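Examining the three-dimensional arrangement
The chain contents come next:
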Amino acid sequence: RSITLQQGQQIQVRIEYAAPALNTYQGGQVRLFWEHPESVMSPMMQAAVTAADQSRVAVVVVRDYETEGVDRPSLALPKEQEQLIRAVAAVNPRTIVVLETGTVSRVAPWIRGTRAVIQAWYPGQEQGNAIADVLFGRVNPSGHLPASVPRNEAQVPGIGVGVTNFTEDVLVGYRGLGRGQNPSFAFGHGLSYTDFRYRNLRVTRDRSTGGATVRFTVRNVGDRRGIDVPQVYVGRLRGTEGASPWRQLVGFKAVTVRPGRQRVVRIQVPPESLSFWSTSQQQWVRASGRVAFHVGHSVERTELRDRLQLRR
């Protein structure tokens, strides 16, 4: 329940609680959340904003509070951290945000005013040194997102209270975000201090395994040595009994390329990635018809495309 409070107002709160028969080791918990105007800041936040205003670059490190047995109430960063980012970015246009979270959090409400964002996950005890190496350019980053970053809760399946029905079939995670839904960052996204370009895609059937072989060229068109992670996706599979995502990952490979050089990359696509589970036959069945293969930097950013005729 949400209520609006005025300064000096007092209310009475009554909580009735009955311990469940199972899983009582943690006991009952009560959380009270409050929301204040954007212009109201704590003394510590005001000190951070003042320091950012006097600095050439501001680095804001934020986190979540995840653990077993406790669900997050939303995709938002907790404890007014989104307000902190907006306040710092308002006074320093060279603001870098480091996200130390166990899973993705929304970035849409604050990312517009920042210069860069690093998804650091839970880096461990060497987190300071690792992040500093990336920020100062001693290490060329090469990580890619293993999940899409949704803009808001409307882009993720809702979880109800009590009995929950899972109706999304295989359209879970990044596969459930179809063309045009535009998450903040797509599955597979990742930047580097150099740039890579792809060309010369060729997809052939692998007669020995029943899968496919994908060949293409990766060229480093920047001025830094870097590690690229090209990704192979297939489009909708024909002949499936259930849903088929608009794109799904079937292979990837990390390759190191020096500036101005190129490498030929070969990725094997297993037959399971071109098949579906038949509930009527109770076995894996190979899809049929022409299927599109896409090669690129993320599920939404692909440069190359080829087709292959599948036969059962």
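The paragraphs below set out a description of the structure included in this document. In this text the structure is predicted, and so the values were computed from the model without any measurement.

Rules of the game
Residues numbered from 1 in each chain as written. Predicted model: local features only at pLDDT ≥ 70, side-chain atom pairs only at ≥ 80, totals over all residues. Heavy atoms only, no water. Helix = DSSP H or I, 4+ residues; strand = E, 2+ residues; numbered from the N terminus. Buried < 20%, exposed > 50% of the residue type's maximum accessible area, 1.4 Å probe, protein only. Contact = heavy atoms within 4.5 Å. Areas by Shrake-Rupley, 256 points an atom, 1.4 Å probe, with all protein chains shown as cover. Pairing = 2+ DSSP bridges. Axes fitted to C-alpha atoms, helices over the stretch in contact; angles between N-to-C directions. Salt bridge = Lys/Arg side-chain N within 4 Å of Asp/Glu carboxyl O. 1 Å grid on protein atoms, 1.4 Å probe; cavity = no way out; pocket = protein on both sides within 12 Å on 5 of 7 lines; lining within 4 Å. Points joined across faces, edges and corners; volume = space filled by probe spheres on them. Nonpolar A, V, L, I, M, F, W, Y, C, P; charged D, E, K, R; others polar. Parallel < 35°, antiparallel > 145°, perpendicular 65-115°, else oblique. Left-handed = near helix turned anticlockwise from the far one by under 90°. Patch = residues over 30% accessible without salt bridge, like charges linked within 9 Å, V, L, I, M, F, W, Y side chains within 5 Å. Lys, Arg positive; Asp, Glu negative; His and termini not counted. Charge placed at Lys NZ, Arg CZ, Asp CG, Glu CD. Core = buried A, V, L, I, M, F, W, Y, C linked by side-chain atoms within 4.5 Å.

Moving on, we get to the overall build of the protein. For the protein, the helix and strand inventory stands at three helices and 14 strands. Dimensions of the protein along its principal axes, counting C-alpha atoms only, are 75 × 55 × 35 Å. When the 312 residues of the protein are sorted by exposure, 35% land in the buried category. Counted over contacts in the protein with a minimum sequence separation of 6, partners at least 24 positions apart contribute 66%. Counting only carbon and sulfur atoms, one obtains 50% of the accessible surface of the protein, whose full area is about 20000 Å².

For helix α2 (residues 81-91), a buried count of eight out of eleven residues is recorded, marking the element as mostly surrounded by other parts of the structure. Inspection of α2 places Q81, E82, Q83, L84, I85, A87, V88 and A89 among the buried residues, and these make up the whole buried set. Buried residues in α2 make contact with α1 (43-53), β1 (58-63) and β2 (95-100).

With that out of the way, let us pick up the sheet that holds strand β14 (residues 302-310). What the four strands build is an open sheet, ordered β8-β7-β13-β14; its pairing is antiparallel. The outermost strands of the open sheet, each flanked by one partner alone, are β8 (248-252) and β14. Direction aside, the axes of adjacent strands within the sheet are offset by 30 degrees on average. Bridge analysis of strand β7 (residues 231-234) against β8 gives four bridges, and the strand direction is antiparallel. Directly across from Q231, in β8, lies its bridge partner F252.

Throughout the structure, instances matching the rule amount to four salt bridges. A salt bridge links R138 to D133, with the shortest nitrogen-to-oxygen separation between them at 2.8 Å.

Another point: the layout of surface pockets. Computed from the structure, the largest pocket encloses a volume of approximately 1700 Å³. Residue composition of the lining of the largest pocket, by class: 13 nonpolar, eight polar and 13 charged.

This part covers the pairing of strand β5 (residues 211-220). Counting buried positions along β5 yields eight of ten residues, so the element is predominantly enclosed. Alignment of strand β4 (residues 196-206) against β5, held across nine bridges, turns out to be antiparallel. Note that in β5 the partner of F196 across the bridge is N220. Here eight bridges tie β5 to strand β10 (residues 262-269), and the two strands are oriented antiparallel to one another. Following the sheet pairing, T213 is matched in β10 by Q268.

Packed helices, taken two at a time, are described by the angle their axes make and the gap between the axes. Close contact between α1 and α2 brings their axes to 8 Å; oriented N to C, the two are set at 30 degrees. When the interaxial angle is binned, α1 and α2 end up roughly parallel. Considering only the axes of α1 and α2, their crossing is right-handed. Contacts between α1 and α2 pair M45, A48, V49, A52 and D53 from the former with Q83, L84, A87, V88 and V91 from the latter. Class assignment for the residues of the contact of α1 with α2 results in eight nonpolar, one polar and one charged.

With that settled, consider unusual backbone geometry. A positive phi angle, near 60 degrees, is found at E80, a position not held by glycine. Among the secondary structure elements, E80 is positioned in the loop between β1 and α2. E80 sits in the partly exposed class, given a relative accessible area of 31%. One non-glycine residue with positive phi stands out, namely N182, at about 50 degrees.

Glancing now at a positive patch on the surface. Taken together, the side chains of R179, R236, R238, R290, R305 and R307 define a basic patch exposed on the protein surface. Locating R290 in the fold gives a position in strand β13 (residues 289-296). Looking at R290, the relative accessible area reads 43%, which means it is partly exposed.

Now for the nonpolar core. If you look at the biggest cluster of nonpolar residues, it comprises 25 residues, and the most contacted ones within it are V214, F216, V232, F293 and V295. Secondary structure elements with two or more residues in this core: β4, β5, β7, β9 (255-257), β10, β13 and β14. Ranked by size, the runner-up nonpolar core spans 18 residues in total, among them V49, V62, A87 and V88.

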